[in-house]
Amino acid sequence: MIDLQAVIDEFCALVRIDSPSLREGEVVRAIRDRLAEMGVVAEIDGAAEAVGGEVGNLIARVPGEPGAPTVLLNAHVDTVEPGCGICPTVEGTRICSAGDTVLGADDKAGVTIILAALRHILEEKLPHPPLEVVFTVAEEIGLCGAKALDYDALEAQMGLVLDGGRTMGVITNAAPSAYRLAWEVTGAAAHAGVCPERGINAIRVAAEAIAEMPLGRLDHETTANIGVIAGGEATNIVPERVTVDGETRSHDEAKLEAQKRRMIDAFEAAAERHGAAVAAEVTRSYRSFHVKHGEPVFDYAWRAAEALEVRPQAERGGGGSDANIFNEHGIPSVIIATGPADVHTVNESVDAGIMVESARWVTQVLQLIAAEASA
Ligand SMILES: [Zn+2]
């Protein structure tokens, strides 16, 4: 049995441990101790150095039904800011923060669900495939832990990423590609009152470029945003320098490339009009994926939900997650609902009832895979 109160207690204990990205040492050790109590040995990989954090990813291997495909179970252990000193409050099955921090259900709901499912499987000696349980660090700052994993050392043939939304039964089987774009516009400084004609206003150049580019939701599968702008020194100086950070995402690679081009062109055209210089830095954040019906991991998740009399639903995600990286590395992976709402805000909450159902769902998927391998 997966006990509701035990799930609530474990979740609350985990969110009370501060774990902003790159400072996940304490929570990783706490999770390792919980695994050890179940008799599961976990090791920490070398990702700390690659990501520049306190600790690497936590990886545990659990032997299972011979002949069954190895399954990756994943959740990330870092949380966004403001996420230190989280004080969870429980009302019925709803858990929220005190209102001054996020709750950290993204993604400690996922961590809790994996621990609950594993404990249940091991205690009840339920049939399951070999498992690779991977708790990643630094997901929120660019999927850094997942990117730093040693994929040659992983055998997983499919993955369940516990980092989904609040509707039980939702399988997120597609996610967009994304670029990060950063510009530095260099104009010329001059005294704004004495000789403004000698200056080239970098803020003006950036403003014109931004005003020209399509932003927001561009179509049903493409978005773009300018999120950060900084520059200028004082009101009496024509600003010489401004930096601008933005992004674009699409489920369609051609649309993504076209939008990236439009954003870059807008800066170049504005810079040219004013005689300013512009340097663009473009980095690929992650690649899109689409795990289709018929792909084993999708079908197992679908059928397991039906077996629990939950209506399965496939959904496209709007953001990147570690699932993008696993799919990119040839491990077909889908994202499973975990129960949180309003993530990345101080209003974040989670329904512990969904965490319990989600843990049962994971258990069901694993039993289904093991049953078919032994048949
Ligand atoms: Zn997350």
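Attention now goes to the overall build of the protein. Helix and strand content of the protein: 10 helices and 20 strands. Since a compact globule built from 375 residues should have a radius of gyration of about 21 Å, the 23 Å found for the protein is in line with a globular shape. Viewed in the frame of its principal axes, the protein has a C-alpha envelope of about 80 × 40 × 35 Å. By residue count, 49% of the 375 residues in the protein fall in the buried class. Within the protein, contacts between residues at least 6 apart in sequence are counted, and of these 77% link residues at least 24 apart.

As a further point, take the packing of helix H1 (residues 4-15) against helix H10 (residues 352-374). Following both chains from N to C, one finds H1 and H10 inclined at 105°, their axes separated by 9 Å at the closest point. Considered as vectors, H1 and H10 are oriented roughly perpendicular to each other. Contacts from Leu 4, Val 7, Ile 8 and Phe 11 in H1 reach Ala 352, Gly 353, Met 355 and Val 356 in H10. Here the residues of the contact of H1 with H10 sort into 7 nonpolar, 1 polar and no charged.

Read from one edge of the open sheet, 4 strands run E4-E5-E20-E19, paired in antiparallel fashion. Across the chains shown, the open sheet's two edge strands, defined by having one partner strand only, are strand E4 (89-91) and strand E19 (340-341). As defined by bridge partners, strand E5 (residues 94-96) adjoins strand E20 (residues 349-351) across 3 bridges and the pair is classed as antiparallel. Note on E20: the bridge partner recorded for Ile 95 is Val 350.

Looking now at the nonpolar core. Ranked by size, the top nonpolar core spans 110 residues in total, and within it Ile 114, Ala 301, Val 334, Ile 336 and Met 355 carry the most contacts. It is H10 that contributes the most residues to this core, 11 residues altogether. Residue assignment places this core across two domains, with domain 1 (4-175 + 288-374) and domain 2 (180-286) each supplying three or more.

Moving on to the domain arrangement of the protein. Annotation of the protein at the domain level lists domain 1 (4-175 + 288-374) and domain 2 (180-286). A straight line from the C-alpha centre of domain 1 to that of domain 2 covers 37 Å.

Turning our attention to unusual backbone geometry. A cis amide bond links Glu 81 with the next residue in sequence, Pro 82, at an omega value of -5°. Among the structural elements, Pro 82 can be located in the loop between strand E3 (71-76) and E4. Looking along the chain, the bond that leaves Asp 106 and enters Asp 107 is cis, with omega of 15°. Checked against the element boundaries, Asp 107 lands in helix H4 (residues 105-123). One non-glycine residue, Leu 143, adopts positive backbone phi at about 55°. One can find Leu 143 in the loop between strand E6 (131-136) and helix H5 (144-147). We classify Leu 143 as buried; it has 22 C-beta atoms within 10 Å.

This next bit is on the environment of Gly 318. Assignment of secondary structure puts Gly 318 in the loop between strand E17 (313-316) and helix H9 (322-328). For Gly 318, a count of 13 C-beta atoms within 10 Å corresponds to the partly exposed category. Considering only alpha carbons, one finds Gly 318 and Thr 222, 96 residues apart in sequence, at a separation of 9.0 Å.

Now for the sheet that holds strand E12 (residues 222-231). The 5 strands are arranged E11-E12-E14-E9-E15 in an open sheet whose pairing can be described as antiparallel. The sheet is open, and its two borders are formed by strand E11 (216-219) and strand E15 (277-286), each paired with just one other strand. On average, each strand axis in the sheet is inclined to that of its neighbour by 20°, with strand direction left out of account. The sheet contact formed by E11 and E12 spans 3 bridges and is antiparallel. The residue bridging Asp 219 from the neighbouring strand is Thr 222, located in E12. Sitting on the sheet, helix H6 (residues 202-212) touches strand E9 (177-186), E12 and strand E14 (241-250), and the angle it makes with E14 is about 15°.

On to the pairing of E14, then. Successive side chains on a regular strand alternate, one facing one side of the sheet and the next facing the other. Bridge analysis of E9 against E14 gives 10 bridges, and the strand direction is antiparallel. Residue Val 185 lies in a different strand from E14, and its bridge partner there is Val 242. The pairing of E12 with E14 spans 9 bridges and is classified as antiparallel. Considered in E14, the bridge of Ile 229 is made with Val 244.

Turning our eyes to something else, we now look at H6. Within H6, the full set of buried residues consists of Ala 202, Val 205, Ala 206 and Ala 209. Along H6, the residues classed as buried sweep out an arc of 95° about the axis, all on the same side. Among the structural elements, E9, E12, E14 and helix H7 (253-274) are those in contact with the buried residues of H6.

What counts as what
Residues numbered from 1 in each chain as written. Predicted model: local features only at pLDDT ≥ 70, side-chain atom pairs only at ≥ 80, totals over all residues. Helix = DSSP H or I, 4+ residues; strand = E, 2+ residues; numbered from the N terminus. Rg over C-alpha atoms; globule rule 2.2 N^0.38 Å. Buried ≥ 20, exposed ≤ 12 C-beta atoms within 10 Å, placed from the backbone. Contact = placed C-beta atoms within 7 Å. Axes fitted to C-alpha atoms, helices over the stretch in contact; angles between N-to-C directions. Parallel < 35°, antiparallel > 145°, perpendicular 65-115°, else oblique. Nonpolar A, V, L, I, M, F, W, Y, C, P; charged D, E, K, R; others polar. Pairing = 2+ DSSP bridges. Core = buried A, V, L, I, M, F, W, Y, C linked by C-beta atoms within 7 Å. Domains from an automatic or database assignment. Arc of directions from axis to C-beta.

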